[in-house]
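# Tertiary structure, described
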Amino acid sequence: MSDGTPNPPEHKPSESHTPVPASDAVAPPAFGRYRLMRKLGTGSYGEVWRAEDLFLGEPVALKFLNEHFTGQSVSLDSLKREVRTLRHLSHPNIVRVHDLVFDNEHTAIVMEFIDGRTLGELVAASPKGCLQPDDIEVWLPQLGSVFDYLHRSEGIIHSDIKPANLMLTTTGRLKVADFGLAVTLAESTSHHTQTGARAGTLAYMSPQQLRGSRPAVSDDIYSLGATLFHLLAGTTPFHGSTLDLIAPEKRASTIGARRYETGKGKLPPVPEHWESAIAACLAKDLRLRPASVRDVVRWLKAEAAGGSGSADLGTSVILPPHPTPARAPVEAKPLGWQPLAAGSPPPPPVKSMPIPPARAAADHATLWIVMLIGGVLVLIVLLIIAVMYL
Ligand SMILES: Nc1ncnc2c1ncn2[C@@H]1O[C@H](COP(=O)(O)OP(=O)(O)OP(=O)(O)O)[C@@H](O)[C@H]1O
Ligand SMILES: [Mg+2]
């Protein structure tokens, strides 16, 4: 165990720390200025530990990357570049990334420690096996706010939204974790798909993401829909093969039907507009998905408020009956570190790319269609009157 003095920057794991069980051998007992306190869980990248920053006397979480990520397939340079980008993200609903630390054997991302649990853990522990819309409604403004920040202000696609990456603090604040790691994974797919390590995550990925298309906001919308489905139904929308996830004709059952199938049929029904909003997020055709998380939130909230359509968070927009579907994939910055071929020049630094709002154009189109239909109706009425009186 360390005596409390921070180790030098080029640290070695301390020999004197409480031995870690053999199964935990991937993580060192102490890591530089961090004393490992307890293992919080294991994900597909490696183990996550609650640790204490001995220098600042603060709790942190250390995510150790297993050797697949720290081996040849992902370079330290690209890891550093991504962590530099992540360190600049600042939003109350984002799990902060502090640092990247490594020695000869181990590499870890140092993050804000969240005193709470993931939504995956929450739903698994819920007595009914699923949540109700009322439970989720309180998080909607936070979801709208954090994804506005990511998608619109920072131009960042999360790419791995799922219940395990949404955490709830003990004070009830929602925190989004693990940006960009899914993109890394996509760069090194075969290993993980073969080992099944990502099986849990594939179920939340859009068909476009599964096919390896460039990350887009519509991927996050799909994953959010799959997450909401899971929270409300207790299971993911598709639990068959990857083909079910990709095939255009395969549609998820309704949340109500899934609840019935899984013995939760006696619960109060999920409101129709929640069913329709989530089904729209899960559309295989990305153009049929809502254009933004804010639209999803409005869809879920607007009708819950009696169909008045008033938007939350300070706007007073009167909404159309359904949010505008996405017109085209929005180009935004994917996170994630790219594997570097030996000797290849480093890729250019990732820059924020603001996402143009597609909504105005779509609203104009809707207006024109309404005016056209109105005009045709007036003409038909005039014709009928003319025929009757002539
Ligand atoms: N910043 C954090 N603070 C507190 N606990 C955390 C933190 N990050 C992760 N955890 C805990 O560690 C567990 C494992 O997290 P990890 O991100 O490695 O796995 P995952 O989210 O289940 O899957 P994936 O590897 O695909 O992200 C989580 O379920 C959570 O309980
Ligand atoms: Mg995670």
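Residues numbered from 1 in each chain as written. Chains lettered and ligands numbered in written order. Predicted model: local features only at pLDDT ≥ 70, side-chain atom pairs only at ≥ 80, totals over all residues.

## Some words on the site of ligand 1
Of all residues adjacent to ligand 1, which total 19 residues, the nearest are G41, G43, V48, A61 and A164. Elements with a minimum of two residues in the shell around ligand 1: β2 (34–42), β4 (58–65) and β6 (107–112). Looking at the shell around ligand 1 residue by residue, the class counts come to 10 nonpolar, six polar and three charged. Structurally, the shell around ligand 1 is a two-domain feature, drawing no fewer than three residues from each of domain 1 (1–113) and domain 2 (115–321). (Near = placed C-beta within 6 Å. Helix = DSSP H or I, 4+ residues; strand = E, 2+ residues; numbered from the N terminus. Nonpolar A, V, L, I, M, F, W, Y, C, P; charged D, E, K, R; others polar. Domains from an automatic or database assignment.)

## Considering the environment of L282
Along the chain, L282 turns up in the loop between α13 (272–281) and α14 (293–302). Here the alpha-carbon distance between L282 and D219, two residues 63 residues apart in the chain, equals 9.7 Å. Setting aside residues up to four positions removed in sequence, L282 forms contacts with Y222, G225, A226, F229, P237 and A252. (Contact = placed C-beta atoms within 7 Å.)

## With respect to the nonpolar core
Counting residues in each nonpolar core, the largest one holds 71 residues, and the members touching the most others are L62, F229, C281 and V296. Inspection of this core shows a minimum of three residues originating in each of domain 1 (1–113) and domain 2 (115–321). Sequence-distant contacts of F229, defined by excluding residues within four places in its chain, comprise T236, P237, A252, I255, I278 and L282. (Core = buried A, V, L, I, M, F, W, Y, C linked by C-beta atoms within 7 Å. Buried ≥ 20, exposed ≤ 12 C-beta atoms within 10 Å, placed from the backbone.)

## Side note on helix α2 (residues 76–87)
Over its 12 residues, α2 runs 16 Å from end to end, which matches the ideal 16 Å to within 8%, given 1.5 Å per residue. Those residues of α2 that sit buried are E82, T85 and L86. Take α2 and look down its axis: the buried residues cluster within an arc of 100 degrees, on one side only. (Expected span 1.5 Å × (residues − 1). Arc of directions from axis to C-beta.)

## Examining the pairing of β2
On a regular strand, each side chain points to the face opposite its neighbour's, so the side chains alternate between the two faces of the sheet. Pairing geometry for strand β1 (residues 30–31) and β2, over two bridges, is antiparallel. Of the residues in β2, the one forming a bridge with A30 is R35. Taken together, β1 and the strand that follows it, β2, pair antiparallel across an intervening segment of two residues, in which G32 is found at a positive phi of about 60 degrees. Inspection of the sheet shows β2 paired to strand β3 (residues 47–53) by seven bridges, in the antiparallel sense. Following the sheet pairing, T42 is matched in β3 by E47. The hairpin formed by β2 and β3 contains four residues between the paired strands, and G46 there has a positive phi angle of roughly 145 degrees. (Pairing = 2+ DSSP bridges.)

## A look at α13
The set of residues buried in α13 consists of W274, A277, I278, A280 and C281. Taken down its axis, α13 places every buried residue within 155 degrees of arc, on the same side. Summarising the contacts, the buried residues of α13 are in contact with α4 (133–137), α10 (217–233), α12 (255–261) and α14.

## A look at unusual backbone geometry
Although it is not a glycine, S159 sits at a positive phi angle of roughly 75 degrees. Mapped onto the elements, S159 comes out in the loop between β8 (156–157) and β9 (166–169). By the C-beta count within 10 Å, which is 26 here, S159 ends up buried.

## Concerning the sheet that holds β3
The pairing of strands in a sheet happens through backbone hydrogen bonds and is either parallel or antiparallel. The strand order across the open sheet built from six strands is β1-β2-β3-β4-β6-β5, with neighbouring strands paired in antiparallel fashion. Two strands in the sheet have a free side with no partner beyond their single neighbour: β1 and β5 (97–102). Here β5 pairs with β6 via five bridges, running antiparallel. What sits directly across from F102, in β6, is T107. Across the face of the sheet, α2 comes into contact with β5 and β6 while running at roughly 160 degrees to β5. (Axes fitted to C-alpha atoms, helices over the stretch in contact; angles between N-to-C directions.)

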